[in-house]
Amino acid sequence: MKIRNGGPADVPDILSLLDGAVAWLAAQGRTGQWGDQPFSTNRARVDQVSSYADEPFLIRLAVDEDGRTVGCCVLSEDRGRWIPAVGERELYVRNLVTDRDRKGSGIGAALIADAVEEARRRGIGLLRVDCYGGADRKLVGRYRALGFTETVAFEVDQPHGVWPGQVLEIRL
C-alpha cells in the first residue's frame with residue numbers, strides 16, 4: 001500500500017468508500033453516525049466530498065498494489081463550524097474512511113501516521129479529529145487505539161435529532 005495525494009478525479013472512489021462504510025454500519029444497525037443512505041445518492045454529500053478537492057483541504061489516499069483506493073483521509077487547518085476552537089494552529093482530520101472489506105489491515109493507522117507526518121511537515125503540534133460519539137462509542141475507542149486522546153464532547157442539532165460528537169487529539 002502507498003499513500004498519495006488525491007484530487008477531483010478521486011471523488012468517485014471516495015464516495016464509493018463512504019457508501020461502503022454506510023452499508024457496513026447500517027447492516028449492524030448502527031445508523032446514528034451517517035444514516036442508512038449512500039453518500040453518492042445525496043446531492044449535499046456529493047457536493048461536500050467534491051469540495052475536498054479544493055483549498056483548504058488536502059486529500060490523502062491509501063492505494064493498494066493494484067492501484068485501487070482503499071482509504072481516504074481529508075486534512076485541513078480549518079476545523080469546521082461545529083468544533084470548539086483551540087488557541088493554537090492545528091491540522092484537522094475532516095474525514096477518514098477505509099475499505100470495510102479490509103477492516104483490520106492497518107489502512108486507517110497508516111493514514112493517521114501520514115497525517116501526523118503532514119502536521120510535523122507544516123510545523124503544527126496538534127492533530128485533531130471529531131467523530132460520532134453516540135451509541136456504543138466504538139469509533140471513539142478506535143481513535144483512542146490510534147493514539148488520540150479524548151478532549152471535548154459536542155452536539156449538533158440535526159433534523160432527525162441530536163448528533164453526539166467527540167473531539168480527540170494527538171499532541172506532537
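None of the values given here were measured: they were computed from a predicted structure. (Residues numbered from 1 in each chain as written. Predicted model: local features only at pLDDT ≥ 70, side-chain atom pairs only at ≥ 80, totals over all residues. Heavy atoms only, no water.)

Colleague: Looking at this structure, I do not really get the packing of helix α1 (residues 11-27) against helix α2 (residues 43-51). What am I missing?
Modeller: For any two helices packed against each other, the geometry comes down to the angle between their axes and how far apart the axes lie. The N-to-C vectors of α1 and α2 enclose an angle of 125°; their axes lie 10 Å apart at closest approach. The orientation of α1 relative to α2 falls into the category oblique. The crossing of α1 and α2 is right-handed. On the side of α1, the interface is formed by V11, I14, L15 and L18, while α2 contributes V46, V49 and S50. Its residues assigned to classes, the contact of α1 with α2 comprises six nonpolar, one polar and no charged. (Axes fitted to C-alpha atoms, helices over the stretch in contact; angles between N-to-C directions. Helix = DSSP H or I, 4+ residues; strand = E, 2+ residues; numbered from the N terminus. Parallel < 35°, antiparallel > 145°, perpendicular 65-115°, else oblique. Left-handed = near helix turned anticlockwise from the far one by under 90°. Contact = heavy atoms within 4.5 Å. Nonpolar A, V, L, I, M, F, W, Y, C, P; charged D, E, K, R; others polar.)

Colleague: I tried to follow the packing of aromatic side chains on my own but got confused; where do I start?
Modeller: For any two aromatic rings, the description comes down to two numbers: the centre-to-centre distance and the angle of the planes. Tallied over the entire structure, the rule returns five aromatic pairs. Arranged with centres 5.2 Å apart and planes meeting at 70°, the rings of Y52 and F57 form a pair that is edge-to-face. Comparing Y52 with F57, the two get one shared label, buried. Note on Y143 and F148: the rings are 5.6 Å apart at their centroids and 90° apart in plane angle, and the pair reads as edge-to-face. (Phe/Tyr/Trp six-rings, centres within 6.5 Å; stacked < 30°, edge-to-face > 60°. Buried < 20%, exposed > 50% of the residue type's maximum accessible area, 1.4 Å probe, protein only.)

Colleague: Explanation requested: the nonpolar core in the structure shown.
Modeller: Within soluble globular proteins, side chains that are nonpolar tend to cluster in buried spots. Membership of the largest hydrophobic core comes to 24 residues, with the highest contact counts inside it found for V93, L127, Y143 and F148. Elements that contribute at least two residues to this core include exactly β2 (57-63), β3 (69-76), β4 (91-98), α3 (107-121), β5 (126-132), α4 (138-145) and β7 (161-171). The element that contributes the greatest number of residues to this core is α3, accounting for six residues. Excluding anything up to four places from it in sequence, Y143 contacts L96, V129, C131, F148 and L168. W34, F39, V46 and F57 belong to the second-largest nonpolar core, a separate cluster that totals 20 residues. (Core = buried A, V, L, I, M, F, W, Y, C linked by side-chain atoms within 4.5 Å.)

Colleague: I keep staring at the sheet that holds β2 and nothing clicks. Help me out?
Modeller: Picture the strands of a sheet paired through backbone hydrogen bonds; they go either parallel or antiparallel. Taking strand neighbours across the sheet as the criterion, the seven strands line up as β1-β2-β3-β4-β5-β7-β6 in an open arrangement whose pairing is mixed. What marks the edges here is a single partner per strand, and that holds for β1 (2-5) and β6 (149-158). Between one strand axis and the next, the sheet turns by 25° as a mean value, whatever way the strands run. Pairing between β3 and β4: six bridges, direction antiparallel. Within β4, the residue paired with S76 across the bridge is Y92. Sheet contacts for α1: β2, β3 and β4; angle to β3, the most-contacted strand, approximately 105°. Along the sheet, α3 makes contact with β1, β2, β3, β4, β5 and β7, crossing β4 at roughly 160°. (Pairing = 2+ DSSP bridges.)

Note that all results are geometric; they support no functional claim without further evidence.
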